[in-house]
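# Observations on the three-dimensional arrangement
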Amino acid sequence: MNAAVATSVFAVFMVATVALGLLALRGRGKGGGLAEWSVGGRSLGPVFIWVLMAGEGYTSFSYLGAAGWGYNYGAPVLYVVAYMSCGYAIGYVVGPMLWAYARRHGLVGITDMVAHRFGRPWLGAVVAVLATVFLLPYIQLQITGMGVVLSVISYGAVSLNWAYFVAFAVTTGFVVVSGLRGSAWVSVLKDVLVIATLGFLAFSVPLHYFDGYGPFLDRLVTEKGEWLTLPGHGGGSGDGGGSGFGELWFISTTFLNSLTVVIFPTTVAGYLGARSADALRRNAMYLPAYNVLLFVPMLLGLAALFVVPGLTGAESNLALFKLVVDALPAWAVGLVGVAAALSSIVPMAVFMLVIGTMWGRSVLSLVPRFAERQKSAAQVVVVVAGSLALLLTYTAPNTLVRLSLISYEGMAQLLPMLLLALVWRRLTFRGAFSGLIVGVAVVCALVFTGNDPVGGVNAGLVALAANLAVALAVTLAGPRDADPRPDAEVLAHDPVGEDDESLDAARAARSASDHRV
C-alpha cells in the first residue's frame, strides 16, 4: 500500500513535468531555431533565470551526496556552500561579460566563444569533445541519483534498472521538445517542492528523533565532535591525513570551483538565456540565499549517524532517505522523492541540452550537410548522449563515476583559453592551446594515480597553475597572433550602459559587413 501511494504521487508529478515542457512552447510556433531551443531565445527574465541557475546548483547530489558526505566526513561538505557562494560573486562580473559577448556576436555557448576569440572553428569542436568528456559523467550520476530515489521511495517495488530508464525517458522527452525554456519552467515546480519539503524536514526530523534541535546538537557535539571540524571524520592530522579534506584542500577546492563554475557550460547556458545583463547581476545577488537549503541535507546526514548507524560505501548516500522512509507517511515520502527527482531532472536536462548545442553548433556544423540543420542535429545528439549515459549506467557504472572525479578539475583547464583570453588580447592561440594540453594531462595523471589532493591541495589547482605557466611562457616567448580584427571584435567587456538594442545593432552591423565581404 505504501509503495502504491508513493509511486502514484511520483507518477503524477512526472506527467506534470513533461506537460510543463510542452506548455513552455505555447505561442512559439514550432519552437524557433537553435538560439530559442538552447538559450531560451535570450529572453528569460530574472525569475526564470534565478530558478534555472538555482536548479543547476541544487541537484540530486544535494539530497544524496551532501547527506552522504555529512554522514561520512562532516565539516568538509561545507565546501559546496563556500564555492557556490564565491562563484556567484565572481559571476556578478563574469556573467554580464559573457552574455554581452555572446549577444554581440550571435554565439550560443563556450565552444562558440573560443572559436570566435581565436578565429578557428575547429577549436570549438575540440573544446566540445573535451567538455563532453567532463559533462557526460554528470548525466550518468543524475540518472543514478534519480533511479536510487525512485527505488527507495517505492519501498523497493520499482527496480533500479526501471528507475534508471524512467529518469532518462522523462528528461529526454521534455528537453528535446522544449529546450532551455522547458527546463526553466520545470525549475519553478522543482523549487516550490524543494523549499517546501526541505523546510518541513528541517523541523520534523530533529523533533521526531531527538525532541528538538537542542538535544540533537548537544548529542552531536558530545558524541560526534570529530565531524564538526576540518578535516572531518577519518581525516587524520596535519594537512588532512587519511581523507585529505583538511584546510588546504577546503581553501584550494573552494577557490578552484568558484572560478570554474562561472565558465561551466551549463552555467553559461543560464547566462546566455537572460533577457539582460542587469537580470544576471540581480541573480548573482539573490542566488546565495538558495544555499541556505544546502545546510538541511548536510544536517540530516549528521542526524542519520544516530538513527541509522553503520552505513558504509554507497549506502551512506541514502542516509537522508532512510530517515524519510522511516519517519513519514507514504504520500509525504512520495513528495520528497519528487523534489529529489526534479533536482536530478533539471540539471540533467541542461547538461544534455548543452552537449547537444556544442555538437550541433561546433562539431556537426563543420559538415556541410548539417550546417543548416544545427537544431535538429543538436536534438539528435541529446538523445545519443542520454542513451550513452543510460547504457553505461547499466553496463559499466563505475567507468563514468571515476571520470566524474575530474569533471570540475578538468573543466577548470578551460579557464585560460576562455576567460583570460577574453580580457587579454596578448594571449596567443599557441599559448592557450599548449596550456590546455598540459593542464588536462597533469590533472588526469594526478587523479588517476591517486595523488589528489597533492600535499593537501586540490589537484585541479596544481594542474591549472601548470596550465597558466605554460600558456604565459609560450605566449610571451613566441610570436604574436596575426589577427587583424580590432579589440572590440575579439575581447569581452562589462556591458554597463549598453542596452539590448545597441548590442543587437552591433551584431546586425557585423553580419551585414560579413555579407558584403
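Residues numbered from 1 in each chain as written. Predicted model: local features only at pLDDT ≥ 70, side-chain atom pairs only at ≥ 80, totals over all residues. Heavy atoms only, no water.

Glancing now at helix α5 (residues 65-72). An α-helical turn contains 3.6 residues, so a residue and the one three or four places further along point in the same direction. For α5, the tally of buried residues reaches 7 of 8 residues, placing the bulk of the element in the interior. Those residues of α5 that fall on the buried side of the exposure criterion are G65, A66, A67, G68, W69, G70 and Y71. Where α5 ends, the next residue or the one after it, G74, has phi of about 90 degrees, a positive value. (Buried < 20%, exposed > 50% of the residue type's maximum accessible area, 1.4 Å probe, protein only. Helix = DSSP H or I, 4+ residues; strand = E, 2+ residues; numbered from the N terminus.)

Once that is clear, we can look at unusual backbone geometry. Put simply, L230 and P231 share a cis peptide bond, and its omega is 5 degrees. Here P231 shows up in the loop between α10 (213-223) and α11 (247-260). Here the residue pair D452 and P453 is connected by a cis peptide bond, since its omega of 5 degrees sits within 30 degrees of zero. Relative to the helices and strands, P453 is located in the loop between α21 (429-448) and α22 (459-477). A positive phi angle is found at D211, which is not glycine, with a value near 65 degrees. Within the secondary structure, D211 is located in the loop between α9 (160-210) and α10.

Turning our eyes to something else, we now look at helix α1 (residues 2-23). With 22 residues, α1 extends 32 Å from end C-alpha to end C-alpha; this agrees with the ideal 32 Å at 1.5 Å per step. Among the residues of α1, those classed as buried are A3, A6, V9, F10, M14, T17 and G21. Burial along α1 is one-sided: seen end-on, the buried residues are contained in an arc of 140 degrees. Residues of α1 that are exposed and point more than 90 degrees away from the buried face comprise V12 and V15. (Expected span 1.5 Å × (residues − 1). Arc of directions from axis to C-beta.)

Next up on the list: the confidence of the model for the chain. Scored by pLDDT, the chain comes out at a mean of 83, with 85% of its residues at no less than 70. No element of the chain has a lower mean pLDDT than helix α24 (residues 500-516), which averages 52, and none a higher one than α22, which averages 96. pLDDT under 50 marks residues 237-241. Its contacts with residues more than four places away, or in other chains, come to 11 contacts. Segment residues 511-517 is flagged for pLDDT under 50; beyond a separation of four residues in sequence, or across chains, it makes 0 contacts in the model. (pLDDT = per-residue confidence, 0-100. Contact = heavy atoms within 4.5 Å.)

The next point concerns the packing of aromatic side chains. For the structure on display, the rule yields 24 aromatic pairs. Ring centres of W122 and F429 lie 5.6 Å apart, and the angle between their planes is 85 degrees; on these two criteria the pair is classed as edge-to-face. In this pair, W122 is assigned in helix α8 (residues 121-153) and F429 in helix α21, connecting sequence segments 307 residues apart. One aromatic cluster is present, formed by W69, Y73, Y79, Y83, Y138, F245, W249, F264, F351 and Y408 through successive ring pairs. Between the NZ or CZ atom of R117 and the centre of the ring of F118, over which it lies, the distance is 4.7 Å. One residue, R120, lies across the ring of F429, its end atom 4.1 Å from the ring centre. (Phe/Tyr/Trp six-rings, centres within 6.5 Å; stacked < 30°, edge-to-face > 60°. Lys NZ or Arg CZ within 6 Å of the ring centre and 35° of its normal.)

Moving on, we come to the packing of helix α6 (residues 79-105) against helix α13 (residues 277-286). The description of two helices packed together rests on the angle between their axes and the distance between the axes. Axis separation between α6 and α13 bottoms out at 8 Å; the angle between their running directions is 170 degrees. Relative to α13, α6 is oriented roughly antiparallel. Contacts from Y88, Y92, G95, P96 and W99 of α6 reach α13 at A277, L280, R281, A284 and M285. Looking at the contact of α6 with α13, its residues break down into 8 nonpolar, 1 polar and 1 charged. (Axes fitted to C-alpha atoms, helices over the stretch in contact; angles between N-to-C directions. Parallel < 35°, antiparallel > 145°, perpendicular 65-115°, else oblique. Nonpolar A, V, L, I, M, F, W, Y, C, P; charged D, E, K, R; others polar.)

Once that is clear, we can look at the side chain of R426. Within the secondary structure layout, R426 lies in the loop between α20 (415-420) and α21. The buried charged residue R426 lacks any salt bridge partner; its closest oppositely charged side chain belongs to D481, at an N-O distance of 7.5 Å. Apart from residues lying up to four places away in sequence, R426 is in contact with T475, L476, G478 and R480. (Lys, Arg positive; Asp, Glu negative; His and termini not counted. Salt bridge = Lys/Arg side-chain N within 4 Å of Asp/Glu carboxyl O.)

A few words now on the pattern of salt bridges. Overall, the coordinates contain 8 salt bridges when judged by the stated rule. A salt bridge links D191 to K190; its shortest N-O distance comes to 3.1 Å. We classify D191 as buried; its relative accessible area is 3%. By relative accessible area, K190 is classed as buried at 0%. The closest approach of N and O atoms between R281 and D278, which form a salt bridge, is 2.7 Å. With R281 and D278 both in helix α13 and 3 residues apart, this pair spans about one turn of that helix. On the accessibility criterion, R281 (11% relative accessible area) is buried. Connected via shared salt-bridge partners are D278, R281 and D494.

Moving on to a nonpolar patch on the surface. A cluster of nonpolar side chains, namely Y92, V93, M285 and Y286, defines an oily patch on the protein surface of about 410 Å² accessible area. Those elements that place two or more of their residues in the nonpolar patch are α6 and α13. With respect to the helices and strands, Y92 occurs in helix α6. Taking the relative accessible area as the measure of exposure, Y92 reaches 36% and is therefore partly exposed. (Patch = residues over 30% accessible without salt bridge, like charges linked within 9 Å, V, L, I, M, F, W, Y side chains within 5 Å. Areas by Shrake-Rupley, 256 points an atom, 1.4 Å probe, with all protein chains shown as cover.)

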